[in-house]
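For reference, the chains in residue letters:
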Amino acid sequence: MKYIKTLSENDLHLSASLLKAFVPDEIYDMHTHPYHPAHFPAGEWPFLEGAGILGCAQHRNALQRYMPARKIHGLYFGMPRKTADRDAMNAWVAKEVLQKGTGLSRSLMVVSPGDDPVQVAEQLRSGLFCGLKVYHCYASRQDTMSASITEYAPEWMWEILHETKGVMLLHIVRDGAIDDKNNQEEIRRLCRAYPRAQLVLAHIARSFNYRNARNGLRTIADLDNVVVDTSAICEAESFKAAIKALGPKRILWGSDFAVSEMRGRCITTGNHFFWLHQELIQKNYQPPTANDMTLIGIESLLSLREACEDEGLTKTDVEDIFLNNALRLLRPHLPQQSAPEDISGPGLWKQARTVISGGTGLLSKRAEMFDPRQWPSYFSRCSGCEVWDMAGRRYIDFAGGIGAVLLGYADEDVNAAVQRRLASGTYCSLVNPQEVELADKLLQLHPWAGKVRYARGGGEAMAMAVRIARASTGKSGIAFCGYHGWHDWYLAANLGATGALDGHLLPGLQPKGVPRELAGTSVPFRYNDWNSFEAAIDALGDNFAAVVMEPMRSQFPQDDFLKRIREKCKQKNAVFVVDEITSGLRYGFPGALSKTGVEPDMVVYAKAMSNGFPFAAIIGRKEVMDEADTSFISSSYWTDGVGTAAALAVLKKMQDLNVQQVVWEKGIKLQAALKELAAQYPACKLLVGGMTSTPTLAFQLGENASAAKALYIRKMLDKGFLVSSIFYLMFAHEERHISQLLQALEITFKEMQQTIIAGGLANEAAGDGSQNGFARLA
């Protein structure tokens, strides 16, 4: 393999046809080795024989032969070798970058475990270097490719980097690379012990074998001070794995100059990798087609381009990979204003309020429902139970997508099912056959039912269920309990008496836009209150069409409440509709009704049923559902294939892993721990309630309750948690997440108790502008 000075026609063709529209005008190369032959014994680097001195200018010129970038910054460091004169090499690199690098270019110091920590620290504190380049060749063992990380990057280096907010560029070794348990454990331990040190794992964590990336990168996803560079990786699968596990904001482009200027590529073979290059081809071999190879740098860029296209990355994502992510990482070592300004969640929310009615489509996601001063509002990515805001800060989320997600965000199994559907198409003139497959599954889970219908959201599904109930009975009166969406049939309860929905939705909600003619068609009743129920159906009289209610939300039914309602509906020839949109899959499987023995006429599911994808299902008795055929109920995107694919995957995983019971048992422990905390801090007047897998927390502080809630949310944000008054547990929440939550809550409640006792609650939470959320069922 040789350093190539002259590009071939094929190199130029690939550059012009495939890279011109991909590579931004300004880029930052996070992995480049300047080279001076005087620092090595003769013949030490055969591929660089005759190349001469390769400094900053040569680096830029080489890349610009095939990259359209007009400006190239770089993070420069010498070529690690035991035989190198490291002192001279480091000094030359630092001088070269200062004199011939761009204003944003920086250098790393190549170090060895045997170096003097005091001298290394002085070099970093001086600003000459912004971090350290470590390499396995300096480990004190013969087989350095099997070295553990601390054998060549000992703890003292991490201490210095933690102090200086420095960068460590690490080329991990061992056969599994990032899929090696020892590497994973050391990275996790060191990055948590030294969170101000910034770790760059070279070569997508040395994923020359893409299978290592697929299996191993997820183990470092929760480490906020770890990123990867792309250097010399030539397989799109490695890049795809990084995009999926880490997101585009934690991938930084690097060339691995001067390796990038050789011809060849690295390929995965089994659980190893192999470097292909022109010199391996026998001289007398006559290929049936052309077999000339392009540069490693071009191969790597083409693979990155393909991965970005396949994963749907945007132009902004690509610009982040090539430039902005590097500037963010190096922010402490660059001039002010060099790094791009991060999007402010609160600032974007203010803008949204001016261009989107209500700010967003879901009232419960409005910042005013949490803490309008600091609530991040927007996410850049989410995975499991973790959410990253627009600035890249990670939070552990116990708000659970406002109850819409049970398995966890971006669940791999659900995403895989949806990806398959996307690849095959989601919508056309014919019907998606998974509709029938899902219907069979739902009817198997509900043996009392005969037919199903699909929708794309809980509110519209409830409106559909009410229409079907009215069509079936020929009457219009609805007795209801709980929250069932925004549609006219529901808000009609507040026509003429705006307090009717108090305790079911937001107190005093105005039914603006709801036809006055609907007055008296919907009457609420209170949960577990038989007299209230009878009063509701009495008010409806002969117009009584249906009962619509949640099976449970904050308490279990008492005195056979649901069974008695079921019997009353039979007596009155009314339809019994149960709303399992929130309770379904979460409080029982397939729904909370499974714990009561009650069989309704219709049941409605959404939210957890599709784990973050738009979908809802209405399941009902055949004789009731058949009435829908004579009432026009139809919509194009009710036949979209994404929701059905997601729901099938969710139901399979729920059954395979006994998800509902697992989450319920987590809730038992969490709810008990919350009650203990409430008892420890009486001044907070905390009331813990709710269902087991959705514990609730309320401040019983009268007029100060809203301020206390906002302050509590703000303090938990500072500790890295998204919380509200309901803890929506997910399958993705592990014991460590719950333990960390309880530790943060204890500190928060201790701080708040001191504030409350001192009389400073109003001042500390002043101007929060927060609103109370849904009152719902008591």
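One structure accompanies this document, and this report is about it. No experiment lies behind these values; they were computed from the predicted model shown.

**What about the nonpolar core?**
Ranked by size, the top nonpolar core spans 118 residues in total, and within it Leu48, Trp158, Ile172, Ile187, Leu201, Leu217 and Phe322 carry the most contacts. With residues up to four places along the chain from it excluded, the contact list for Phe322 reads Phe22, Val23, Pro24, Ile27, Tyr28, Met67, Trp253, Leu301 and Leu304. Among the nonpolar cores identified, the runner-up in size contains 108 residues, and Ile396, Cys481, Phe615 and Ala683 belong to it.

**Let's talk about the sheet that holds strand β4 (residues 109–110)**
The parallel open sheet is built from six strands, whose spatial order is β4-β5-β6-β7-β8-β9. Each end of this open sheet is capped by a strand with a single partner; those strands are β4 and β9 (251–252). Pairing of strand β5 (residues 131–134) with strand β6 (residues 167–170), which is carried by four bridges, proceeds in the parallel orientation. Each bridged residue has a counterpart across the sheet, and for Lys133 the counterpart in β6 is Leu169.

**A short note on the environment of Arg553**
You can see Arg553 is positioned in the loop between β18 (544–549) and α19 (561–572). Sequence spacing of Arg553 and Met691 is 138 residues, and the spatial spacing of their C-alpha atoms is 6.6 Å. A distance of 2.3 Å separates a polar atom in the side chain of Arg553 from a polar atom in the side chain of Glu550. A distance of 3.3 Å separates the side chain of Arg553 from the side chain of Thr582, its partner in a polar contact.

**Observations concerning the packing of helix α14 (residues 412–424) against helix α21 (residues 641–656)**
Where α14 contacts α21, the axes come no closer than 8 Å and their chain directions differ by 150°. The orientation of α14 with respect to α21, classified from their angle, is roughly antiparallel. Note that α14 runs across α21; the crossing there is right-handed. Note on element contacts: α21 touches α14 through Gly641, Val642, Ala645, Ala646, Ala649, Val650 and Lys653, opposite Asp413, Val414, Ala417, Val418, Arg421 and Leu422. A breakdown of the residues in the contact of α14 with α21 according to their chemical character gives nine nonpolar, one polar and three charged.

**Points about unusual backbone geometry**
The amide bond that connects Phe257 to the next residue, Ala258, takes the cis arrangement and shows omega of 10°. With respect to the secondary-structure elements, Ala258 resides in the loop between β9 and β10 (265–269). For the peptide bond that leads from Phe589 to Pro590, omega is 0°, which places it in the cis range. On the secondary structure map, Pro590 appears in the loop between β19 (575–579) and β20 (602–605). Of note in this structure, Ile204 is not a glycine but carries a positive phi near 45°. Along the chain, the position of Ile204 falls in helix α8 (residues 202–206). Overall, Ile204 belongs to the buried group, its relative accessible area being 0%. One non-glycine residue with positive phi stands out, namely Gln337, at about 75°. With respect to the helices and strands, Gln337 occurs in the loop between α12 (315–329) and α13 (345–355).

**Describing the packing of aromatic side chains**
The full count for this structure, using the stated rule, is 25 aromatic pairs. Where Phe208 meets Phe273, the ring centres are 5.2 Å apart and the plane angle is 45°; that geometry is what we call tilted. Here Phe208 is found in the loop between α8 and α9 (210–216), whereas its partner Phe273 is found in strand β11 (residues 272–276), with 65 residues between them in sequence. Each ring, one from Phe525 and one from Phe533, has its centre 5.1 Å from the other, and the planes form 75°; the classification is edge-to-face. Given a relative accessible area of 0%, Phe533 falls into the buried group.

**Observations concerning the pairing of strand β14 (residues 394–397)**
Across the two faces of β14 the burial is the same, with Arg394 and Ile396 and Tyr395 and Asp397 all buried. Note that strand β13 (residues 386–389) and β14 share three bridges and pair antiparallel. Bridge pairing links Val387 to Tyr395 in β14. Between the antiparallel neighbours β13 and β14 lie four residues, among them Gly392 with a positive phi of about 90°. Here β14 runs beside strand β24 (residues 721–722); their pairing, made up of two bridges, is parallel. Residue pairing for β24: Asp397 is matched across the bridge by Leu722.

**Some points on the sheet that holds β14**
Strand order in the open sheet formed by four strands is β12-β13-β14-β24, with mixed pairing between adjacent strands. Where the open sheet ends on each side, the last strands, each with one partner, are β12 (379–383) and β24.

Conventions adopted
Residues numbered from 1 in each chain as written. Predicted model: local features only at pLDDT ≥ 70, side-chain atom pairs only at ≥ 80, totals over all residues. Heavy atoms only, no water. Core = buried A, V, L, I, M, F, W, Y, C linked by side-chain atoms within 4.5 Å. Buried < 20%, exposed > 50% of the residue type's maximum accessible area, 1.4 Å probe, protein only. Contact = heavy atoms within 4.5 Å. Pairing = 2+ DSSP bridges. Helix = DSSP H or I, 4+ residues; strand = E, 2+ residues; numbered from the N terminus. Polar contact = N/O pair within 3.5 Å; in protein donor to acceptor, adjacent residues only side chain to side chain. Axes fitted to C-alpha atoms, helices over the stretch in contact; angles between N-to-C directions. Parallel < 35°, antiparallel > 145°, perpendicular 65-115°, else oblique. Left-handed = near helix turned anticlockwise from the far one by under 90°. Nonpolar A, V, L, I, M, F, W, Y, C, P; charged D, E, K, R; others polar. Phe/Tyr/Trp six-rings, centres within 6.5 Å; stacked < 30°, edge-to-face > 60°.

Shape descriptors only; they carry no functional weight alone.
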